[in-house]
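Topology and contacts: notes
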Amino acid sequence: MHSTAMKNLHSYLLPILALASLVVKIRGSASLHTVLTGPELAYLGSRVTFRCLASDSPPPFTYELMRDGGVLISTGRDDYGDVPAFFPLKVNAASEGSYHCKAAAGGRTGVSKSIHLSVVTPASNTRVISEPFPPVAYEGSHVVLSCNVTRGSHLQYSWFFNRKELTHSASPFTHITGNELMLENVTPEHAGNYYCMAWSQVHDIRRFSSSLEVLLTVKVYVSKPRISFSIFKEGDSYRGNVTCWSTRGSPPVNFSLLLDDREEGSVTATETLIAWFPVALVPGTDMGVARCQVKTDVQELMSEPVTLEVVPVGGEVRVEVEYLYRFDSQLAAAAALDCVISRGTFPHISWLFNDTVLPSHEGTQTQPILSNYVLASKSQTLVLVKLGPEESGYYRCRVQNSYDESGPWVESAAVLVRVSVLVLMCSQCLRPHPSQETDRMIVMMFRIRPGRSQFDSEGPALHHSNRFKPP
């Protein structure tokens, strides 16, 4: 009976003891908790340190720092526990990769998570490359500046214009993408000095390399050339001068003078947009048709034609008068006198008041006989800004060739100018229209010509000068 009971107890305990033995074995073979710490970025040539620590086992601990492919980098040992193993490393180009740590203690092992180390190469030999090259562009075109380096990794780029850093929002036509600065639809305002900075940063350490400045020139397209000519008298002979010019553009430009489609001369203007050409001129003689041609590296334009003919002053010369009235008065307040010339390419006009010459320029030392007047349109128009008894009298103009001061004058007949009364030809002219406000003055313009009367309505106006020619 006893033997049978012991046999049954043994059969009952055997599975329990086997299970306990299995648990002990499983616990004995569990991996060590292993932690590896270290940098993910490091400058080429710098020194870094990896740190490995294992736990959950009595010492001693042995450590191995491994790289991709099972390459052993270094080993370490901890005989006391809780003391990490340190692995110093000088970074070179081959140092980049993934690192992990293997720990062993008490027959157990552990492997840490991997840390990928990236090797950062500082920028060197930074320079700006332009497209187009050399950095010269015409307005409206595109320019791309690239920030290139001989060596460098993990780089960022900054751009500077005239020593001021550019931002992404500097202009809707300025874009910074990677190492490129793109300038769209350039204008003269984009011209200036550009340089770039290539830089990298590891933790709080920044290393950078700056380029030299590159001067960007933005050229303006030259405008259609214009042409004019003048004549001078030297002794008993004459000489002429043709002027070619453009109102806008970037020098240098080349001007050529064509006379009857033959090139008579060529000048390169390096600082201005104007050129002069001497030509033969004889008053009263047609010397041919002249044109100015302007050329740049991308343009070729021609001016309108001009006939090189100097017509001497001659024919009839007369004075036409128009009176100016205030809206609230029927008395003439001012007058405009025009000197009408039949012919003459280069007239010099002089005015006389009661047979006395009126000064044509300021600074005269003589006492003026008339003070309230203005000369306009190269003295062709005499404006009496005030019309009173002092300004009333006889006016005439005389004309001579401006290139011959000793030449004869051609004179007009004298015209009487005096305070004039506006005579209305229509009793309804100043009557307000029912659709207009009753307190608004309607002002008309009247012109009275010899032999007939007429008025021309220019519509309602509160302040409109009235002009007419007296009989």
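Note that this is a predicted model, so its numbers are computed, not measured. (Residues numbered from 1 in each chain as written. Predicted model: local features only at pLDDT ≥ 70, side-chain atom pairs only at ≥ 80, totals over all residues. Heavy atoms only, no water.)

As for the pattern of salt bridges
Summed over all chains, the structure comprises 10 salt bridges. Between Arg239 and Glu234 there is a salt bridge; the shortest N-O distance is 2.5 Å. Among the residues examined, Arg239 registers a relative accessible area of 38% and is labelled partly exposed. Note that Arg396 and Glu411 form a salt bridge whose closest N and O atoms lie 2.4 Å from each other. Remark: Glu411 occurs in strand 35 (residues 410-411) and Arg396 occurs in strand 34 (residues 393-401); sequence separation between them is 15 residues. A network of salt bridges, in which partner residues are shared, links Asp355, Arg396 and Glu411. (Salt bridge = Lys/Arg side-chain N within 4 Å of Asp/Glu carboxyl O. Buried < 20%, exposed > 50% of the residue type's maximum accessible area, 1.4 Å probe, protein only. Helix = DSSP H or I, 4+ residues; strand = E, 2+ residues; numbered from the N terminus.)

Points about a negative patch on the surface
Negative charge collects at one region of the surface, where Asp260, Asp261, Asp286 and Glu309 lie side by side. With respect to the helices and strands, Asp260 occurs in the loop between strand 22 (253-259) and strand 23 (262-269). (Patch = residues over 30% accessible without salt bridge, like charges linked within 9 Å, V, L, I, M, F, W, Y side chains within 5 Å. Areas by Shrake-Rupley, 256 points an atom, 1.4 Å probe, with all protein chains shown as cover. Lys, Arg positive; Asp, Glu negative; His and termini not counted. Charge placed at Lys NZ, Arg CZ, Asp CG, Glu CD.)

Regarding the confidence of the model for the protein
Per-residue pLDDT for the protein averages 82, and the proportion of residues at 70 or more is 80%. Across residues 13-28 the pLDDT falls below 50, and counting only partners more than four positions away or on other chains, this stretch makes two contacts in the model. (pLDDT = per-residue confidence, 0-100. Contact = heavy atoms within 4.5 Å.)

So, the sheet that holds strand 21 (residues 237-245)
In space, the three strands of this open sheet follow the order 20-21-24, with antiparallel pairing throughout. Every other strand in the sheet has two partners, leaving strand 20 (226-234) and strand 24 (274-279) as the edge strands with one partner each. Across this sheet, the average inter-strand angle for adjacent strands is 25 degrees, counted without regard to direction. The pairing of strand 20 with strand 21 spans nine bridges and is antiparallel. Pairing of Ser230 across the sheet is with Asn241, part of strand 21. (Pairing = 2+ DSSP bridges. Axes fitted to C-alpha atoms, helices over the stretch in contact; angles between N-to-C directions.)

Some words on the packing of aromatic side chains
In the structure shown here, the tally under the stated rule is eight aromatic pairs. The interplanar angle of 5 degrees and the centroid separation of 4.7 Å between the aromatic rings of Phe160 and Tyr195 together place this pair among those described as stacked. Note that Phe160 is positioned in strand 13 (residues 156-161) and Tyr195 in strand 17 (residues 192-202), a separation of 35 residues in sequence. On the accessibility criterion, Tyr195 (15% relative accessible area) is buried. Judged by centre distance (5.7 Å) and plane angle (85 degrees), the rings of Tyr238 and Tyr403 are edge-to-face. Of the two residues, Tyr238 is situated in strand 21 and Tyr403 in the loop between strand 34 and strand 35; the sequence distance between them amounts to 165 residues. On the basis of relative accessible area, Tyr238 is assigned to the partly exposed category, the value being 27%. Lying over the aromatic face of Trp199, Arg206 brings its terminal NZ or CZ to 3.7 Å of the ring centre. When the ring centre of Tyr43 is taken as origin, the NZ or CZ atom of Arg207, which lies over that ring, is 4.2 Å away. (Phe/Tyr/Trp six-rings, centres within 6.5 Å; stacked < 30°, edge-to-face > 60°. Lys NZ or Arg CZ within 6 Å of the ring centre and 35° of its normal.)

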